[in-house]
Amino acid sequence: MSPVRAATNDALLEIEDLRLHFPIKAGLLKKTVAHVKAVDGVSFSVYPGETVGLVGESGSGKTTIGRCIVRLYKPTTGSIGFRTAQGVVDIAQLDKRALQPIRRDIQMLFQDPNSSLNARMRVGDIIAEPLEIHAIGTRDERRSRVEDLLEQVGLGAEMYNRFPHQLSGGQRQRVGVARALSIEPRLVICDEPVSALDVSVQAQVLNLLSDLQGELGLTYVFIAHDLSVVEYISDRVMVMYLGKLMETAPTKRIFERPTHPYTEALLNSIPKRVRGGHRKRFVLTGDIPSPVNPPSGCVFHTRCQYVKDICRTETPALRPLPDDPETSVACHLAEEVALEPYYTAEERRDLESDRA
Ligand code: SF4
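Let us look at the structure shown here. (Residues numbered from 1 in each chain as written. Predicted model: local features only at pLDDT ≥ 70, side-chain atom pairs only at ≥ 80, totals over all residues. Heavy atoms only, no water.)

What follows covers the packing of aromatic side chains. Evaluated as defined, the whole model comprises seven aromatic pairs. For the ring pair F255 and Y342, a centre distance of 5.6 Å and an interplane angle of 85° mean the geometry is edge-to-face. Remark: Y342 occurs in the loop between strand 13 (324–329) and helix 12 (345–355) and F255 occurs in helix 9 (residues 251–256); sequence separation between them is 87 residues. When its relative accessible area of 0% is taken as the criterion, Y342 is described as buried. Pairwise contacts between aromatic rings join Y241, Y262 and F300 into one cluster. (Phe/Tyr/Trp six-rings, centres within 6.5 Å; stacked < 30°, edge-to-face > 60°. Helix = DSSP H or I, 4+ residues; strand = E, 2+ residues; numbered from the N terminus. Buried < 20%, exposed > 50% of the residue type's maximum accessible area, 1.4 Å probe, protein only.)

Looking now at the pairing of strand 11 (residues 244–250). On a regular strand, each side chain points to the face opposite its neighbour's, so the side chains alternate between the two faces of the sheet. Within strand 11, six of the seven residues are buried, which leaves the element mostly enclosed by the surrounding structure. Pairing geometry for strand 10 (residues 236–241) and strand 11, over six bridges, is antiparallel. When the bridges of strand 11 are listed, Y241 appears paired with K244. Where strand 10 folds back on strand 11, the antiparallel hairpin that results is connected by two residues, among which L242 adopts a positive phi of roughly 50°. Sheet topology places strand 11 next to strand 13; two bridges connect them, and they run antiparallel. Each bridged residue has a counterpart across the sheet, and for E247 the counterpart in strand 13 is V329. (Pairing = 2+ DSSP bridges.)

So, on to unusual backbone geometry. Generally, phi is negative for residues other than glycine and the peptide bonds are trans, each holding for most cases. In this model, K30 sits at a positive phi of 50°, which is unusual for a non-glycine residue. Considering the arrangement of structural elements, one finds K30 in the loop between strand 2 (13–26) and strand 3 (31–46). For K30, a relative accessible area of 56% translates into the label exposed. Even without glycine at this site, A135 takes up a positive phi of about 50°. By the secondary structure assignment, A135 is in the loop between helix 4 (123–133) and helix 5 (139–152).

Strand order in the open sheet formed by eight strands is 7-8-9-4-10-11-13-12, and the pairing between neighbours is mixed. Strands with a single pairing partner mark the edges of an open sheet, and in this sheet they are strand 7 (106–109) and strand 12 (319–321). Strand-to-strand, the axes of this sheet are offset by a mean angle of 25°, without reference to chain direction. With four bridges connecting them, strand 7 and strand 8 (residues 187–191) associate as parallel partners. Within strand 8, the position partnered with I106 by the bridge is L187. (Axes fitted to C-alpha atoms, helices over the stretch in contact; angles between N-to-C directions.)

Another aspect to go through is the environment of I270. By the element assignment, I270 lies in the loop between helix 10 (261–268) and helix 11 (309–313). Residue I270 is classed as buried on the basis of its relative accessible area, which comes to 2%. With 39 residues separating them along the chain, I270 and D309 place their C-alpha atoms 30 Å apart.

Right, dumping it as structure tokens:
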């Protein structure tokens, strides 16, 4: 893809065959002896106003994709098309100068509010920093904008002069949200934004992100290791394993009809929340294999309970299901094995009526 090309569809973000292979150097001459295949041929699109959940265990490559999108990492190959007023720009190809205007449109919300906020800066200055970097507004206008943002994220303007250590974990993450939104981005990469918070506070921050999306028309890529977190906030879910996409589907479908054995295993790790919720459990054992030397064939075959001979030798392509083109899966046996859902349709109805 050239750095700028004509728009081909309505996607805000269009990733094609993205790879990031980190070299491993050794010896006196620091020769490259191997590569860590952190992301290995991933393609997907994100549409304006939606939330796409990117889920997988630690080491699956989900955070690396987020960092490629904001260009903290430069991909090895592949393209990251981002729609601008001038057309679709390939973020992967841009130099530092050309990236500057794009950085206004794409912000990242980090996992740990303790380490992502400068402890020596006051809350107001932390939120105003991106406005200063991009030379937006006068000093007074920036102050007024920060006070508005503090109200918007439910903190109140009186927090302006506090330091991060004077806030709770949930309040610190609200500061992180205000900072990310200060320059009015169109796309926010949320990198496990609630995983360092208590469960009760997690719900508050997820509610805040959901409300702000409605108010401001934001688009989110929401990275998490836990499917239960993305269920609440995502329209679609993409399940990653060892640098590759295993399954992509609407969120409801993932919970009611998983198609990939790895998705089933992730669902099995979530405590069941419906009435009478007792079921047989398959617990995923062992660690994720090394991305330096991933397994042959299907990369999940060393941990899959349904593995057959073909899985050890032939790599399954990510392909849409004939009966449901919104769902794509990388499994040879997707049409053969019946996987256990998290909810039956009836259980979901019960849960929704309990919530109402
Ligand atoms: Fe399991 Fe084979 Fe499907 Fe891979 S291709 S997920 S090993 S059944």
